[in-house]
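# Coordinate inspection notes
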Amino acid sequence: MANRLHTRIPISLTGEIVSPEARYEALIENISEYGIRARIALNKRERKCRLGSNISLILQIPYSEALNLNCKKRWSCRINPGSLVENVGIEVIKPPRQYREFYWSVMILLNA
């Protein structure tokens, strides 16, 4: 974990993951300049979003309009084998300026 390319910032934000299969409410647990870790609740009837699939993440950042990020699902794991809660690693594809500015402003605040 110490050899990560981009620094992760622990954070608590809400969002919504939209895939061709379903929509999921998401709790954002950490962010980096090009990645996000989220926790989602699965519904037994919904098909799981496949690894590598393109998804959208509608991210509500404080004091701003919601951002619609183009992303790719990179990894996922269940909290435990029978759980309907899943942790998801998301790559942000070409992060927009607003997202990058938000990330760096939080990074500066944490290092102040």
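Residues numbered from 1 in each chain as written. Predicted model: local features only at pLDDT ≥ 70, side-chain atom pairs only at ≥ 80, totals over all residues. Heavy atoms only, no water.

The next thing to look at is the pairing of strand β4 (residues 54-60). Along β4, the buried face is formed by Ile 55, Leu 57 and Leu 59; none of Asn 54, Ser 56, Ile 58 and Gln 60, which line the opposite face, is buried. For strand β1 (residues 9-18) and β4, the ladder comprises five bridges, and the chain directions are antiparallel. Residue pairing for β4: Glu 16 is matched across the bridge by Ile 58. In the sheet, β4 pairs with strand β5 (residues 67-78) via six bridges, with the strands oriented antiparallel. When the sheet's bridge partners are listed, Leu 59 is paired in β5 with Leu 67. In textbook terms, the turn of a hairpin is the stretch between consecutive antiparallel strands, and for β4 and β5 this stretch comprises six residues, one of which, Tyr 63, has a positive phi near 60°. (Buried < 20%, exposed > 50% of the residue type's maximum accessible area, 1.4 Å probe, protein only. Helix = DSSP H or I, 4+ residues; strand = E, 2+ residues; numbered from the N terminus. Pairing = 2+ DSSP bridges.)

Looking now at the pattern of salt bridges. Scanning the entire structure with this criterion turns up seven salt bridges. The salt bridge involving Glu 16 is made with Arg 23; its shortest N-O contact spans 2.9 Å. Of the charged contacts in the structure, one is a salt bridge between Arg 74 and Glu 91, with a shortest N-O distance of 2.6 Å. Separated by 17 residues along the polypeptide, Arg 74 in strand β5 and Glu 91 in strand β6 (residues 85-92) bring together distant segments of the chain. (Salt bridge = Lys/Arg side-chain N within 4 Å of Asp/Glu carboxyl O.)

This part takes up the nonpolar core. One finds Ile 17, Ile 28, Ile 31, Ile 36, Leu 59 and Leu 69 to be the most contacted residues of the largest nonpolar core, which totals 28 residues. Secondary-structure elements contributing two or more residues to this core are β1, β2 (23-31), β3 (35-41), β4, β5, β6 and α1 (97-111). (Core = buried A, V, L, I, M, F, W, Y, C linked by side-chain atoms within 4.5 Å.)

Let us now look at the confidence of the model for the chain. Regions with low pLDDT carry predicted coordinates that are not meant to be interpreted in detail. Across the chain, the average pLDDT comes to 86, with 86% of residues at 70 or higher. The lowest-confidence element of the chain is α1, averaging 91 in pLDDT; the highest-confidence one is β2, averaging 94. (pLDDT = per-residue confidence, 0-100.)

Over its 15 residues, α1 runs 21 Å from end to end, which matches the ideal 21 Å to within 8%, given 1.5 Å per residue. Turning to α1, its buried residues are Tyr 99, Phe 102, Tyr 103, Val 106 and Met 107. Looking down the long axis of α1, one finds its buried residues gathered within 130° of arc, a one-sided arrangement. Along α1, exposed side chains directed more than 90 degrees from the buried face belong to Ile 108, Leu 109 and Asn 111. Packed against the buried residues of α1 are β1, β2, β3, β4, β5 and β6. (Expected span 1.5 Å × (residues − 1). Arc of directions from axis to C-beta. Contact = heavy atoms within 4.5 Å.)

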